[in-house]
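Results of the structural survey
Letter by letter, the chains look like this.
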Amino acid sequence: MPSMDEFMKKLKDPFNLLAIASLTLGVISLYKKGPMETILTLLLVLALLSLGLSGAYRLMKWRKAQSSIQFYPNWDEAPKKYKFDETLKHIGEKQYRLEIAARTCFRLLCGDEKEYETNHHEFITQKKNIQNQIQKSINNGGSIYLILQNPALMVPYWSKRDNLTLQKHLNESIDSFKEISDRLTEDQKKKFRLFFANEVIENSMTRLVHNDKIIRFILDISIKFKSNSNVSKPFVVFESGKYDFSDYKEEFDYLLKHSTSKEEYEKKLSDGLLKIESLKNEYGYFSKLRRDRSEKLISLASHHFLIDNKSSIGRNFPPVCVQLLVTNECTTHCKMCDHYKIKNDKGKLGTNDIKSIIDSIKFLGTKSIVISGGEPLSREDIFQILTYSTERKIIDRLNPNLKTEHPGLKVGLLTNGIKKGGSPLTETDCEIIKETCSWVQLSIDSFVDENYEKIRGKRYLGVAIESLKKLSNVGYKNLEVCYTIQKDNFQELLNFHDCINRIPSSIEIRFKFAHGPSKKQEFLCSSAELRQLVQSAPFREKRFNFNYLISMINSNYFDYDGLSNGMPLRNKMIEYKSLKYKCHALRLTCKIDHNGDVYPCCFLFDDNNSESNFRRDYFIGSLRTPSGNIMPPENDGSGNKLSELWFKSDKLEMLRSRLLPVDDEACTYCTRHFYQNEYMNRATEIFTELSDCGVAENIAQKTNFESIGNFWV
């Protein structure tokens, strides 16, 4: 029932007042006789006429209102005047301003989506015609303002495939805009503007504006519309009449207010990429053998960031390298490592088992492998394993178009240079290593026989040096000595130059600090001894990496108390926890032990400690079948247990999501991954800070797994 206010409003309408007055007088005339009868009758006729005119006016007003709102199931069924080519002519002729807020503006800037996917030549022709039309409209005095969805955003309720398509169309539209803008003068560019909305554009809006008055408004209602019928891109058109467009103006202006101009977006992106370049230069240390340069890691960090933020662009790559322990047996028994005591309770892996694991690694897509132990040379079939690792492998996918050939793994070998029975490498062995191994790291912790025996439990220094020299004699270049600093070689290091003349001067020596659990500290240097060593440090030549170790101490990565307790990263892990850093290494590598069991990394496996307290907590899964052997994947790639664990293990994914330290004890030992980890977390901070300008997306889009190349972490 109408309210009193509505009644009073209608009463003030001139048509209504005239009709009421005339009707009143006409009714009176029915009861009057005499000279006034004729006049009153005429007034009655006038009253009826007024009522008729009022009704006709209301009918016309209603019809006009209906004609100014139109619904169309798709653009093919819309009148020609609503098509973009006609609109572009219109704004040029009338000097109107076209304002569009849309996810990609693909139809306006590029052309038909179907042509883009199916007929590239026709699409290019279509895009050039559109660009010419837009340029002509701007030349004739029209203006075009475009608000596109920020390229760094995705539509949360769309599939990854749909979001990838969206991203592809958006990039194509931005490129087309730039091509048009490059043709315009500086004054014309002010009439052709591009902005990026920092939120998902739910429904596209198009406004045609003249003298700041909206004369046409189009609302696209298709973002969640997934019909397969001809109702594919429904939209509603409002033509100017007596409608109040203020709500639509506020909605568009809100988007514009919360948008970033193309110029500002590109400036922020450029500044962000410069920050990343500066970060690359800041973290300049890397292993020459492992080739873990910062530019490779930054590409992977961008994908890790996008995966964590559920972007359609980010990809979870295979591990860049896998460490494979081919045996737990060792030809020396070191003080700082009793790996040889780890029980082999599932039975020794045979040659075919190892080959099956190598096939699994190849089918996973990994390019690089570190073969270690125990001591790999304690296996009689080790050279057969090295050769098989580098052989090409045809991966025969079910779809013949996806058939690929794995070029063979790039192999890094960790060894002490001593074969079973205490014999050195032969010349034939060295030739095989030269053909199959990208690099070799040979452990020698002393160049004094007595000290070597104290540390390694065997008097094999001469054997190790003989193997080293034979590798050098066959022309093997990518070779270095790994030297673990500990109590029994501390004094030797103070006069190191007197000791190392037993090996070729061309061979580099990589020092590292011993680490280990608190119960086995007898091999660790004291804090005072470490300070004395760093202060004297007589071996700073390029051949040694001692400057790196000093830098790590001076930069507070390592501290003397932590080193003397076997936990070099003890204080740093407290800092990383406060910064909410995560472990990127768990997305870069994994470890397969001598039983065929998979672990996240060597430190969570605790490979130097036979009586580890936490190894069982980080067991991810086994590659063995119930019968105990290891089966290779099928030729089409199916049945790859390693792939299942890497990509689908809930436990591994949970560990990847943990803040550092992943384990309170194990991560304090981590002298291998900490530096790259900090670097990648620093990069993530930049990606987060500048997420609205797509720094991570920019880097990730230029990267695929093939382009990263081979390296080891």
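An account of the accompanying structure is given in this report. (Residues numbered from 1 in each chain as written. Predicted model: local features only at pLDDT ≥ 70, side-chain atom pairs only at ≥ 80, totals over all residues. Heavy atoms only, no water.)

On a plain count of helices and strands, the protein comes out with 28 helices and 19 strands. Burial statistics for the protein: of 713 residues in total, 52% are counted as buried. Considering only contacts within the protein whose residues lie at least 6 apart along the sequence, 75% involve residues at least 24 apart. As displayed, the protein offers around 34000 Å² of accessible surface, 51% of which is attributable to carbon and sulfur atoms. (Helix = DSSP H or I, 4+ residues; strand = E, 2+ residues; numbered from the N terminus. Buried < 20%, exposed > 50% of the residue type's maximum accessible area, 1.4 Å probe, protein only. Contact = heavy atoms within 4.5 Å. Areas by Shrake-Rupley, 256 points an atom, 1.4 Å probe, with all protein chains shown as cover.)

Moving on, we come to the pattern of salt bridges. Across all of its chains, the model carries 38 salt bridges by this definition. Ionic pairing is found between K89 and E86, a salt bridge with its closest N-O pair at 3.7 Å. Linking K89 with E86, this pair stays in helix α4 (residues 84-94), spanning 3 residues, or about one helical turn. K470 is the partner of E466 in a salt bridge, and the nearest nitrogen-oxygen pair spans 3.3 Å. (Salt bridge = Lys/Arg side-chain N within 4 Å of Asp/Glu carboxyl O.)

With that settled, the discussion passes to helix α13 (residues 351-364). Count 3.6 residues to each turn of an α-helix, and residues three or four apart come out pointing the same way. End to end, α13 covers 20 Å across 14 residues, agreeing with the expected 20 Å (1.5 Å per residue, within 8%). Across the 14 residues that make up α13, a large majority, 12, are buried. By the burial criterion, the buried members of α13 are D353, I354, K355, S356, I357, I358, D359, S360, I361, K362, F363 and L364. Downstream of α13 by a residue or two, G365 has a phi angle that is positive, lying close to 105°. (Expected span 1.5 Å × (residues − 1).)

Our focus in this paragraph is the sheet that holds strand β2 (residues 97-102). Read across the open sheet, the 8 strands follow the order β1-β7-β6-β5-β2-β3-β4-β8; overall the sheet is mixed. Among the strands making up the open sheet, the edge pair consists of β1 (69-72) and β8 (259-261). Each strand axis lies, on average, 20° off the axis of its neighbour in the sheet, ignoring direction. The strands that helix α11 (residues 262-282) touches are β4 (192-197) and β8; relative to β8, the one it contacts most, it runs at about 85°. (Pairing = 2+ DSSP bridges. Axes fitted to C-alpha atoms, helices over the stretch in contact; angles between N-to-C directions.)

Another point: unusual backbone geometry. Residue L660 is joined to P661 through a cis peptide bond whose omega torsion reads -5°. Within the secondary structure, P661 sits in the loop between α25 (650-657) and α26 (674-689). Even without glycine at this site, N211 takes up a positive phi of about 50°. The exposed category is assigned to N211, whose relative accessible area is 67%. Positioned with a positive phi, R291 is a non-glycine residue whose angle comes to about 60°. Relative to the assigned elements, R291 resides in the loop between α11 and α12 (294-308).

With that settled, consider the packing of α4 against helix α7 (residues 120-139). In the contact formed by α4 and α7, the axes pass within 8 Å of each other and the chain directions differ by 20°. With respect to α7, the axis of α4 lies roughly parallel. Both α4 and α7 take part in a crossing whose hand is left-handed. Contact residues: D85, L88, K89, I91 and G92 in α4; Q133, I134 and S137 in α7. (Parallel < 35°, antiparallel > 145°, perpendicular 65-115°, else oblique. Left-handed = near helix turned anticlockwise from the far one by under 90°.)

This part takes up the packing of α7 against helix α8 (residues 160-181). Interhelical geometry of α7 versus α8 gives an angle of 50° and a closest axis separation of 10 Å. Looking at the two axes, α7 sits oblique to α8. As α7 packs across α8, the resulting crossing turns out to be right-handed. Each of F123, K127, Q131 and I134 in α7 lies in contact with α8, whose residues at this interface are E172, S176, E179 and I180. The class makeup of the residues in the contact of α7 with α8 is 3 nonpolar, 2 polar and 3 charged. (Nonpolar A, V, L, I, M, F, W, Y, C, P; charged D, E, K, R; others polar.)

This brings us to the pairing of strand β10 (residues 368-372). Of all 5 residues in β10, 5 are buried; the element is thus mostly enclosed. Residue alternation in β10 divides its side chains into two sets, S368, V370 and S372 and I369 and I371, and both sets are buried. Bridge analysis of strand β9 (residues 321-325) against β10 gives 5 bridges, and the strand direction is parallel. In the strand pairing of β10, L324 is matched with I371. Taken together, β9, α13 and β10 constitute a β-α-β crossover, and its handedness is right-handed. Across 4 bridges, the pairing between β10 and strand β13 (residues 410-415) is parallel. (Right-handed = clockwise from strand over helix to strand, strands pointing away.)

Pairing is mixed across the open sheet formed by 9 strands, whose spatial order is β16-β15-β14-β13-β10-β9-β17-β18-β19. Of all strands in the sheet, those bounded by a partner on one side alone are β16 (508-513) and β19 (621-622). Each of β14 (437-443) and β15 (479-485) touches helix α17 (residues 461-473); the most contacted strand, β15, lies at about 155° to it. Running at roughly 25° to β16, helix α20 (residues 546-554) makes contact with β15 and β16 of the sheet.

The tally for this structure, following the rule as stated, stands at 10 cavities of 30 Å³ or more. The computed volume of the largest cavity comes to approximately 100 Å³. Lining the largest cavity are 15 residues, with C583, L660, C667, C670 and N677 positioned closest to its centre. Counting only elements with at least two residues in the lining of the largest cavity, the list comes to α22 (570-579), α23 (602-605) and α26. Here the lining of the largest cavity is composed, by residue class, of 13 nonpolar, 2 polar and no charged. (1 Å grid on protein atoms, 1.4 Å probe; cavity = no way out; pocket = protein on both sides within 12 Å on 5 of 7 lines; lining within 4 Å. Points joined across faces, edges and corners; volume = space filled by probe spheres on them.)

On the secondary structure map, N416 appears in the loop between β13 and α15 (427-436). Under the relative-accessibility criterion, N416 is labelled buried at 2%. Within the structure, the side chain of N416 is placed 3.4 Å from the side chain of T332, a separation counted as a polar contact. Of note is the side chain of N416, whose polar atom sits 2.8 Å from the backbone nitrogen of I418. (Polar contact = N/O pair within 3.5 Å; in protein donor to acceptor, adjacent residues only side chain to side chain.)

The next point concerns the packing of aromatic side chains. Inspection of every chain in the model, using the stated rule, returns 32 aromatic pairs. Both rings, one in F217 and one in F238, keep their centres 6.2 Å apart while their planes meet at 55°; by these two values the pair is tilted. With a gap of 21 residues between them, F217 in strand β6 (residues 213-220) and F238 in strand β7 (residues 235-239) connect regions that are remote in the sequence. Owing to a relative accessible area of 0%, F217 belongs among the buried residues under this scheme. Accessibility expressed as a relative area gives 16% for F238, which makes it buried. With a centroid separation of 4.9 Å and 65° between ring planes, the pair formed by Y599 and F605 is classed as edge-to-face. The buried category is assigned to Y599, whose relative accessible area is 6%. (Phe/Tyr/Trp six-rings, centres within 6.5 Å; stacked < 30°, edge-to-face > 60°.)

It is worth spelling out the pairing of β9 at this point. If a strand is regular, its side chains alternate between the two faces of the sheet. Among the 5 residues in β9, 5 count as buried, and that is most of the element. Burial along β9 is two-sided: C321, Q323 and L325 facing one way and V322 and L324 facing the other are all buried. For β9 and strand β17 (residues 589-592), the ladder comprises 4 bridges, and the chain directions are parallel. The residue of β17 that forms the bridge with L324 is I592.

Distances and angles like these do not, on their own, reveal function.
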